[in-house]
Amino acid sequence: MLHVKHLTVQYSPGDPLVLRDIHFSLEPAERVALIGANGAGKSTLLLTLIGVIKPREGGITLGGIPMNQERLRELRQLAGMVFQDPDNQLFMPTLMDDIGFGLRNYGFDETAIEERIAAILAQLGISHLKNRLSHKLSGGEKRLAALAGVLVMDPSLLLLDEPSAFLDPRSRRTLISILAGLPQTMLVATHDLDLAQTLCPRAILLKEGRVFAEGPTQELLQNHTLLEQAGL
Ligand SMILES: Nc1ncnc2c1ncn2[C@@H]1O[C@H](COP(=O)(O)OP(=O)(O)OP(=O)(O)O)[C@@H](O)[C@H]1O
Ligand SMILES: [Mg+2]
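My aim in this report is to walk through the structure given alongside it, one point at a time.

Analysis parameters
Residues numbered from 1 in each chain as written. Chains lettered and ligands numbered in written order. Predicted model: local features only at pLDDT ≥ 70, side-chain atom pairs only at ≥ 80, totals over all residues. Heavy atoms only, no water. Helix = DSSP H or I, 4+ residues; strand = E, 2+ residues; numbered from the N terminus. Rg over C-alpha atoms; globule rule 2.2 N^0.38 Å. Contact = heavy atoms within 4.5 Å. Near = heavy atom within 4 Å. Polar contact = N/O pair within 3.5 Å; in protein donor to acceptor, adjacent residues only side chain to side chain. Areas by Shrake-Rupley, 256 points an atom, 1.4 Å probe, with all protein chains shown as cover. Nonpolar A, V, L, I, M, F, W, Y, C, P; charged D, E, K, R; others polar. Pairing = 2+ DSSP bridges. Donors = N, O, S within 2.8 Å, 3.2 Å for Na, K, Ca; no water. Buried < 20%, exposed > 50% of the residue type's maximum accessible area, 1.4 Å probe, protein only. Salt bridge = Lys/Arg side-chain N within 4 Å of Asp/Glu carboxyl O.

Our focus in this paragraph is the overall build of the chain. When you go through the chain residue by residue, the secondary structure sums to nine helices and 10 strands. Against the 2.2 N^0.38 benchmark of 17 Å for 232 residues, the chain shows a C-alpha radius of gyration of 18 Å, consistent with a compact globule. Principal-axis analysis of the C-alpha atoms places the extent of the chain at approximately 50 × 40 × 30 Å. Residue pairs at least 24 apart in sequence account for 62% of intrachain contacts in the chain once pairs closer than 6 positions are excluded.

The structure is reproduced here in structure tokens:
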């Protein structure tokens, strides 16, 4: 469903390479954890996969479509990302406007939009936030709202950047069980190794912009030497 080949990324010419020769694939419905120390390149990789950052070298194919500027709109429908900082995601005044933004953009009618939003909010247990102002939500509420805004579009690939950050233990458990029940292919960047293990059978370990190890999450997380070498 997703193929990444020899991907190299640099923020500006002359800067050091932030991702180097990244190579991996995700099978449909597979859930893979992306782990690695601060600055390893996890967020950069996810942003590159949704076309926000343009690779210097290498190729990305999503659902059989090669990523390039002409097909970005199509690809954006296939992949949805929840950003590490929800303030980068929520930009409309009210939650309803925010979550409905993508659907309105694609021309869905208002009744359908409202029904779909109501269903997603109920699924995430945040129906009570419906009429609240986005910028006045708490950190955890913002994160769930951002997730709602992505799920409402029903993407095939979910890119989640630190989905459990800011969540209280109960919301975190709710989130994990919701994610575990979703049919989507997922790539989940996280420092929450327990979430990685619960949710993702496979993991990719990044170190300084390279794939340092890849394999069953449980095996990787039990290899303390490996984790230490990767700065975790
Ligand atoms: N906009 C930017 N311009 C230049 N360099 C950047 C930019 N964003 C990130 N970097 C650099 O790219 C590298 C990878 O950053 P990235 O945010 O992808 O790491 P990460 O693995 O997500 O870290 P964290 O665990 O802290 O979220 C870091 O060295 C960072 O300083
Ligand atoms: Mg990050």
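Moving on to the site of ligand 1. In the vicinity of ligand 1, the contacting residues are Y11, V18, A37, N38, G39, A40, G41, K42, S43, T44, Q84 and H191. With respect to ligand 1, the backbone of G41 contributes an N or O atom lying 3.0 Å from an oxygen atom. Burial of ligand 1 by the surrounding chains reaches 59%, relative to a free accessible area of 640 Å². Partitioning the shell around ligand 1 into residue classes produces four nonpolar, seven polar and one charged.

It is worth spelling out the sheet that holds strand 2 (residues 19-26) at this point. Sheets are built from strands paired through backbone hydrogen bonds, the pairs being either parallel or antiparallel. Across the sheet, which stays open at both edges, the four strands sit in the order 2-1-4-5 with antiparallel pairing between neighbours. Here the strands that pair on one side only, and so sit at the sheet edges, are strand 2 and strand 5 (65-66). Judged from the five bridges that link them, strand 1 (residues 2-9) and strand 2 form a sheet pairing that is antiparallel. Each residue of the ladder has a partner; that of L2, found in strand 2, is L26.

Before going further, it helps to spend a moment on the coordination of the magnesium ion (ligand 2). Summarising the metal site, the magnesium ion (ligand 2) is bound by the protein donors S43 (OG) and Q84 (OE1), whose distances to it range over 2.0 to 2.2 Å. Of the two residues, S43 sits in helix 1 (residues 42-49) while Q84 sits in the loop between strand 6 (79-82) and helix 3 (95-105), which places them 41 residues apart along the sequence. Residue Q84 is classed as partly exposed on the basis of its relative accessible area of 39%.

Across all of its chains, the model carries eight salt bridges by this definition. Between R104 and E110 there is a salt bridge, with its nearest N and O atoms 2.8 Å apart. A relative accessible area of 33% means that R104 is categorised as partly exposed. For E110, a relative accessible area of 38% translates into the label partly exposed. When the shortest N-O distance is used, the salt bridge between D194 and R172 registers 2.9 Å. Of this pair, D194 sits in helix 7 (residues 193-199) while R172 sits in helix 6 (residues 169-181), placing them 22 residues apart in sequence. For D194, a relative accessible area of 48% gives the class partly exposed. Accessibility expressed as a relative area gives 18% for R172, which makes it buried. A network of salt bridges, in which partner residues are shared, links E30, R202 and E214.

Structural measurements only, silent on function.
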